[in-house]
Amino acid sequence: MPEKLPFEFILSPDPHTACAALREKGPVHPVDFPPGMGAFLVLDYEHGRPALNDPRLAKSVAWVPEPFRARFDADNRILAGNMLDSDPPDHTRLRRLVSKAFTPRRIESLRPRIQAIADDLIDAMLPKGEADLLDDFAFPLPITVICELLGVPVRDQAAFRDWSSTLVGPALDEAQVRHREEVNTAVGDYFTAIIAERRAAPRDDLISAMVLARDDDELLDDQELLAGLTLLLIAGHETTVNLIGNGMLALLTAPEQLKMLRERPELLPSAVEEFLRHDGPVGRATFRFATEDLELGGVHIPKGSVVHVLLGAVNRDPRVFGCPDVLDITRADNRHVAFGHGIHFCLGAPLARLEALVAFGTLLERLPGIELDCDPGAIRWNRSGSLIRGLRALPVRF
């Protein structure tokens, strides 16, 4: 058994370097995260991709051993019963119901509106000649889109930002635990009121579609609606913010790739897939729990252990991706796992890809002189947790 890694490893300021060095010693390693639980990191493609769809690795917190289950239940109260943290047959039913509302046709119909939002944001940035691309573009674009899609007021986006960062981040001290509990209550009250409104008077929005979605005679119950809407709100903007921010940083620090993409805009879809692989917005997959004793990469995983698939590490496995640390927008057969794999493959992937295509295409077309407004070494990553991989700020000039 390899030596157990300390909790701090999961929050490494340079995860790609740390994981590459660790992967050389083996693909699977024990880690003290969450503190006190038996847990393991999976770092390579050979074991990481199958683990994302391994039926022996459950998503439901019902598999969390005592005395840790109470903590998991408290931390995730508002998200209890969401499809991401469910196993078949519950997951199958929930995903089918949500998919009835979250259709490809509904997503594609958003393209003109996403373009209009992107243009409006750049119009506001242009007179200043400089911007924090996160605050001025990468955040307001997807949060506006998801608010309009769900049918909730865009004026509440500041609250949504706080709620999202709290629910995806760790609760490591009393203040953070207390704030998470306050957020659970606030989110529950917020969506409970809106669900009641839509039941009484449905509208042409995603919340109404989810309230009315049927599978034979089955509907989503109130807790399932609360969990599903909270998940869509968080996943619908938090990840896209960082896809845009991380991708633009990668592009602005690789001038030959930036030049190529300007000259060959038909490479934009390939570039978006490479941004997802090179420095995707999700650092690790959500928790999986071993339902039996098993072996991964030659390491024994006892029943009840947590298994973390580090997506960023899997996507830079040199045995699958040549020159993995190099941004290559022409990369062929890019089989990254930024959106997961198997039955839990991200339902919102088409929306994220559409927003990214519009965002990057519009930025490159309308801001031809865009460049970093700081030394690349001054860029700081948000280290509030290991789940989301994103920047604190991205200062640019144009």
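Residues numbered from 1 in each chain as written. Predicted model: local features only at pLDDT ≥ 70, side-chain atom pairs only at ≥ 80, totals over all residues. Heavy atoms only, no water.

Caption draft 1: Quick look at the nonpolar core. Core analysis: the largest hydrophobic core is formed by 116 residues, its most contacted members being Phe137, Leu141 and Leu394. With 10 residues, the top contributor of residues to this core is helix H17 (residues 349-366). Not counting residues within four places of it along the chain, the set of residues in contact with Leu394 comprises Ala131, Asp132, Leu133, Leu134, Gly245, Met248, Leu249, Leu372 and Ile379. Membership of the second largest hydrophobic core comes to 21 residues, among which are Leu11, Ala39, Val64 and Phe287. (Core = buried A, V, L, I, M, F, W, Y, C linked by side-chain atoms within 4.5 Å. Buried < 20%, exposed > 50% of the residue type's maximum accessible area, 1.4 Å probe, protein only. Helix = DSSP H or I, 4+ residues; strand = E, 2+ residues; numbered from the N terminus. Contact = heavy atoms within 4.5 Å.)

Caption draft 2: Highlighting the sheet that holds strand S9 (residues 371-372). Read across the sheet, three strands follow the order S4-S10-S9 without closing on themselves; strand pairing throughout is antiparallel. Whereas interior strands pair on both sides, the edge strands pair on one side only; in this sheet they are strand S4 (130-132) and S9. When S4 meets strand S10 (residues 395-397), the two strands line up antiparallel, connected through three bridges. The residue of S10 that forms the bridge with Asp132 is Pro395. (Pairing = 2+ DSSP bridges.)

Caption draft 3: Layout of empty space enclosed by the protein. Throughout the structure, instances matching the rule amount to two cavities of 30 Å³ or more. Around the largest cavity, the lining is made up of 28 residues, and of these Ile10, Pro15, Gly283, Ser386 and Arg389 lie nearest the centre. Tallied by class, residues from the lining of the largest cavity come to 13 nonpolar, 10 polar and five charged. As a volume, the second largest cavity reaches approximately 60 Å³. Lining the second largest cavity we find Gly81, Asn82, Met83, Leu94, Val98, Leu220, Glu224, Gly228, Leu231 and Leu232. (1 Å grid on protein atoms, 1.4 Å probe; cavity = no way out; pocket = protein on both sides within 12 Å on 5 of 7 lines; lining within 4 Å. Points joined across faces, edges and corners; volume = space filled by probe spheres on them. Nonpolar A, V, L, I, M, F, W, Y, C, P; charged D, E, K, R; others polar.)

Caption draft 4: Broad picture of helix H1 (residues 15-23). By the burial criterion, the buried members of H1 are His16, Cys19, Leu22 and Arg23. Down the axis of H1, the smallest arc covering the buried residues is 135 degrees, so these residues share one side. (Arc of directions from axis to C-beta.)

Caption draft 5: Molecular detail of the side chain of His308. Mapped onto the elements of the fold, His308 is located in strand S8 (residues 306-309). Overall, the relative accessible area of 0% leaves His308 in the buried class. Polar contacts involving the side chain of His308 include one to the main-chain carbonyl oxygen of Phe33, which spans 2.8 Å. Not counting the four nearest positions on each side in its chain, His308 is found in contact with Val31, Phe33, Pro34, Ala39, Phe40, Leu41, Val42, Arg284 and Phe287. (Polar contact = N/O pair within 3.5 Å; in protein donor to acceptor, adjacent residues only side chain to side chain.)

Caption draft 6: Representation of the layout of surface pockets in the model. Counted as a void, the second largest pocket has a volume near 350 Å³. Considering the residues around the second largest pocket, the lining is formed by 22 residues, among which Arg161, Ser165, Glu238, Asn242 and Asn382 are closest to the centre. Breaking the lining of the second largest pocket down by element, the ones donating at least two residues are helix H7 (133-138), helix H9 (157-168) and helix H13 (238-252). The biggest single contributor to the lining of the second largest pocket is H9, with five residues. Classifying every residue of the lining of the second largest pocket gives eight nonpolar, nine polar and five charged.

Caption draft 7: Quick look at the pattern of salt bridges. According to the stated counting rule, one finds 24 salt bridges in the structure shown. Linking Arg353 and Glu273 is a salt bridge whose minimum nitrogen-to-oxygen distance equals 2.7 Å. A residue pair is termed long-range when its members are at least 10 positions apart, and Arg353 in helix H17 and Glu273 in helix H15 (residues 268-279) qualify at 80 residues. Accessibility expressed as a relative area gives 27% for Arg353, which makes it partly exposed. Each of Arg93, Glu218 and Glu224 takes part in a single network of salt bridges with overlapping partners. (Salt bridge = Lys/Arg side-chain N within 4 Å of Asp/Glu carboxyl O.)

Caption draft 8: Spatial organisation of the packing of aromatic side chains. In the structure shown here, the tally under the stated rule is 10 aromatic pairs. Considering the side-chain rings of Phe160 and Trp163, the 5.6 Å spacing of their centres and the 55 degrees angle between planes classify their relative orientation as tilted. Of this pair, Phe160 and Trp163 both sit in helix H9, three residues apart, roughly one helical turn. Residues Phe160 and Trp163 agree in their burial class; the two are buried. (Phe/Tyr/Trp six-rings, centres within 6.5 Å; stacked < 30°, edge-to-face > 60°.)

Caption draft 9: The packing of H13 against H17, seen in detail. Interhelical geometry of H13 versus H17 gives an angle of 40 degrees and a closest axis separation of 10 Å. The angle between H13 and H17 falls in the class oblique. Crossing of H13 over H17 shows right-handed handedness. Here H13 contributes Thr240, Leu243, Ile244, Gly247, Met248 and Leu251 to the contact with H17, which in turn contributes Ala352, Glu355, Ala356, Ala359, Phe360, Leu363 and Leu364. Here the contact of H13 with H17 is built from residues that sort into 10 nonpolar, two polar and one charged. (Axes fitted to C-alpha atoms, helices over the stretch in contact; angles between N-to-C directions. Parallel < 35°, antiparallel > 145°, perpendicular 65-115°, else oblique. Left-handed = near helix turned anticlockwise from the far one by under 90°.)

Caption draft 10: Expanded view of H9. End to end, H9 covers 16 Å across 12 residues, agreeing with the expected 16 Å (1.5 Å per residue, within 8%). In this structure, the buried side of H9 is in contact with helix H8 (140-150), helix H10 (174-200), helix H12 (222-235) and H13. (Expected span 1.5 Å × (residues − 1).)

Caption draft 11: Structural view of the pairing of strand S2 (residues 39-42). Residues Ala39 and Leu41 line one face of S2 and the alternating positions Phe40 and Val42 line the opposite face, and both faces are buried. Here four bridges tie strand S1 (residues 28-31) to S2, and the two strands are oriented antiparallel to one another. The residue of S2 that forms the bridge with Val28 is Val42. Pairing between S2 and S8: four bridges, direction parallel. Looking across to S8, one finds that Phe40 is bridged to Val307.

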